[in-house]
Each structure stands twice: as C-alpha cells, then as structure tokens.
Amino acid sequence: SAVISQKPSRDICQRGTSLTIQCQVDSQVTMMFWYRQQPGQSLTLIATANQGSEATYESGFVIDKFPISRPNLTFSTLTVSNMSPEDSSIYLCSVEVADTYNEQFFGPGTRLTVL
Amino acid sequence: RKEVEQDPGPFNVPEGATVAFNCTYSNSASQSFFWYRQDCRKEPKLLMSVYSSGNEDGRFTAQLNRASQYISLLIRDSKLSDSATYLCVVTVNTGFQKLVFGTGTRLLVSP
C-alpha cells in the first residue's frame, strides 16, 4: 500500500473564493486520482493526474473549475475555483500502487464547506 | 441503469451473525472487482479484491459471478467493529482502469 496525506483536512470557505488541496504520497506512483464524495453519496472521479502529462477530466468536470497540478511522482494539487455551496463535499486523492491489480489507496480526504 | 448497484441497507444484525451483501454491475468488460470499507467520516479502505475463483480472508468471503455480473461479500461472526459502509467497486476501461463505486451498503452490528 501507500501512505497518503492531504492538506487541509477541512476548511470553510466563502463563495467565489478558491481552495487548493495538496496530496502527498510516501512513495513514487504513476497514477494519482482526485475524487469527490458529496454528502450521502458515493465517490465520483473528478480527474486522473499523471506526472508529465495534463490531467484527464471526467464528464462533468472541467479544468477551469478544477485545475490540477502533478509536478512529480509523489505530489499533486487540486484547486476548487470560484466556489459555490454546491462544491461543499469531501475531496479525496488516491493512488494506484505498482504491481497491484488496479488497487487504489485513498488519502484521508479534505472536507470542504462553502458558505 | 447504474453501473454498479447495491442495496443501500442499513443491515442491522446482532453480534455473531452472518451477513451477505450483493452487488451487480452493468459493464461485462469489467476486469477488476473490489470491496472497500468506509467508516463514518473516513476515507474508503480496501477490504479485499474479488477473484473469479472466489477468495477468503478470515471472516470475509468474496465471490464473483462474471456470467451474472454479480459480486457478493459474506461476513461471518459479525463484530461490532464491522459496522461501516461497504462499497462494491468495479473497473471500467476508459484508456485506464477507472474505478466505479457503488453507493454502498451500510452495516450496523449491535451487541
């Protein structure tokens, strides 16, 4: 597995502002993912962040709203831009560990509340 | 039709009971299958991968039926600490193996 940390663990933000979430892994990984889990819902993939290439976004998510950086094999950031109350959610990063059959391990999540 | 369907529960069982969760998936090309466990206000944690031959890990047994596109999880001798939401997860090939999550089945084990 992998040890994954996220910052911040939670935040309360005003609408119209932006928040950048950091994800740090204790080992080098090729594939990192960002998910959203809205209250009472399951996880939805926002985008895949691979080092050395642009992030790939899922349907319904766009780069202008959720810009992602992946500067190296152990770190990624997700920015939630121009926030509205509908962005209140838990944001989780995950990694796929080499030599596993598509197993992903998750960070502890960032709980975001937008007022 | 949802890509992954689960009974949301909750399943309320006494300690020591055996409980089974079922899950169906719609994409016949799915290659990998998992059960994750998610405690309240925590991240999902991998419980076990599910193989065609079935697999067992202590009190937990997972089965896969590719023909019926059906996955199951059996928990024997339930413990209070088993109380959590169990997420059925399958992969879908979109250029990489994307994880698709079910909505989860909530289990409450009582004394």
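Definitions and cut-offs
Residues numbered from 1 in each chain as written. Chains lettered and ligands numbered in written order. Predicted model: local features only at pLDDT ≥ 70, side-chain atom pairs only at ≥ 80, totals over all residues. Heavy atoms only, no water. Disulfide = S-S within 2.5 Å. Helix = DSSP H or I, 4+ residues; strand = E, 2+ residues; numbered from the N terminus. Buried < 20%, exposed > 50% of the residue type's maximum accessible area, 1.4 Å probe, protein only. Contact = heavy atoms within 4.5 Å. Buried area = accessible area lost by both parts, 1.4 Å probe. Salt bridge = Lys/Arg side-chain N within 4 Å of Asp/Glu carboxyl O. Polar contact = N/O pair within 3.5 Å; in protein donor to acceptor, adjacent residues only side chain to side chain.

> Describe the state of the cysteines, listing the residues and the values that go with them.
Counted according to the given criterion, the structure contains two disulfides over all chains. Between A:C23 and A:C93 runs a disulfide, and the two sulfur atoms are separated by 2.0 Å. With the S-S bond torsion at 70°, the cross-link from A:C23 to A:C93 turns out right-handed. On the criterion of sequence distance, the pair formed by A:C23 in strand β3 (residues 19-25) and A:C93 in strand β9 (residues 89-96) is long-range, its members being 70 residues apart. A single burial state applies to A:C23 and to A:C93, both of which are buried. For B:C23, the disulfide goes to B:C88, at an S-S distance of 2.0 Å. Around the S-S axis, the bridge from B:C23 to B:C88 shows a dihedral of about -75° and counts as left-handed. Remark: B:C88 occurs in strand β9 (residues 84-93) and B:C23 occurs in strand β3 (residues 19-25); sequence separation between them is 65 residues. Side by side, B:C23 and B:C88 carry an identical accessibility label, which is buried.

> Give a detailed account of the interface of chain A and chain B, specifying residues and quantitative values.
Between chain A and chain B, the contact holds 21 residues from the first and 18 residues from the second. A buried area of about 1,600 Å², summed over both sides, lies between chain A and chain B, and 55% of it is on carbon and sulfur atoms. Of all residues in chain A, the largest losses of buried area upon contact with chain B belong to A:S42, A:N102 and A:F106, amounting jointly to 29% of the total for that side. Seen at the junction of chain A and chain B, the total is one salt bridge. Scanning the region where chain A abuts chain B turns up six residue pairs in polar contact (both at pLDDT 80 or more). Looking at the side of chain A that touches chain B, the elements with two or more residues in it are β4 (31-37), β5 (43-50), β9 and β10 (104-106) of chain A.

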